[in-house]
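Each chain, letter by letter, is given below.
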Amino acid sequence: LAAQTDATVVILMGVEKLTQIVEVYKKAGKDETAIALIQNGTLATQNLAIGTIETIEEIAAEEKIKAPAVIVIGEVVKQHNEFPVALTNLNYLFN
């Protein structure tokens, strides 16, 4: 149900279910929705994976994201300074 809205969604302890979460969002046509996985947030050992529903599994594997982690899905993720510029401003590609 949450995947059918434009609401920001926060999932605690969901890393083990990331594949299923991605499938739900893809079925809802939300492939380009921004998503972040935050492991050990606020700690010196914080690890972060930021991308879209389409790309997050690969990025999470590259960043070696493991539980415990928080998943944040929605437009708010685009506010993070590490969100890819090309995904937030396609004019960047053509200038």
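Above this text is the structure in question.
Residues numbered from 1 in each chain as written. Predicted model: local features only at pLDDT ≥ 70, side-chain atom pairs only at ≥ 80, totals over all residues. Heavy atoms only, no water.

Colleague: Describe the pairing of strand β2 (residues 34-39), listing the residues and the values that go with them.
Modeller: On any regular strand, side chains alternate: one points to one face of the sheet, the next to the other face. Most of β2 is tucked away, with 5 of its 6 residues classed as buried. One ladder, built from 6 bridges, connects β2 with strand β3 (residues 47-52); its direction is antiparallel. Across the sheet, the residue bridging to L37 is A49, located in β3. (Buried < 20%, exposed > 50% of the residue type's maximum accessible area, 1.4 Å probe, protein only. Helix = DSSP H or I, 4+ residues; strand = E, 2+ residues; numbered from the N terminus. Pairing = 2+ DSSP bridges.)

Colleague: Describe the pattern of salt bridges, listing the residues and the values that go with them.
Modeller: With the rule as written, the count across this model stands at 3 salt bridges. A salt bridge links D6 to K30, with the nearest nitrogen and oxygen atoms 3.2 Å apart. Separated by 24 residues along the polypeptide, D6 in the segment before β1 (9-12) and K30 in the loop between α1 (18-27) and β2 bring together distant segments of the chain. Given a relative accessible area of 73%, D6 falls into the exposed group. With relative accessibility at 16%, the residue K30 sits in the buried group. Residues E54 and K26 are paired through a salt bridge, measuring 4.0 Å at the closest nitrogen-oxygen approach. One end of the pair, E54, is in the loop between β3 and α2 (56-62); the other, K26, is in helix α1, and 28 residues separate them in sequence. The partly exposed category is assigned to K26, whose relative accessible area is 32%. (Salt bridge = Lys/Arg side-chain N within 4 Å of Asp/Glu carboxyl O.)

Colleague: Let's hear about the nonpolar core: which residues, and what values?
Modeller: Within the largest apolar cluster, 17 residues are counted, with the highest numbers of intra-cluster contacts made by L18, I35, L37 and I73. Counting residues per element, the ones that place at least two in this core are α1, β2, α2 and β4 (69-73). The biggest single contributor to this core is α1, with 4 residues. Not counting chain neighbours up to four residues away, the residues in contact with I73 comprise A7, T8, V9, I11, I21, Y25, T33, A34, I35 and I53. Counting 7 residues, the second-largest nonpolar core is a separate cluster that includes A34, I50, V77 and F83. (Core = buried A, V, L, I, M, F, W, Y, C linked by side-chain atoms within 4.5 Å. Contact = heavy atoms within 4.5 Å.)

Read these as spatial facts, not as claims about activity.
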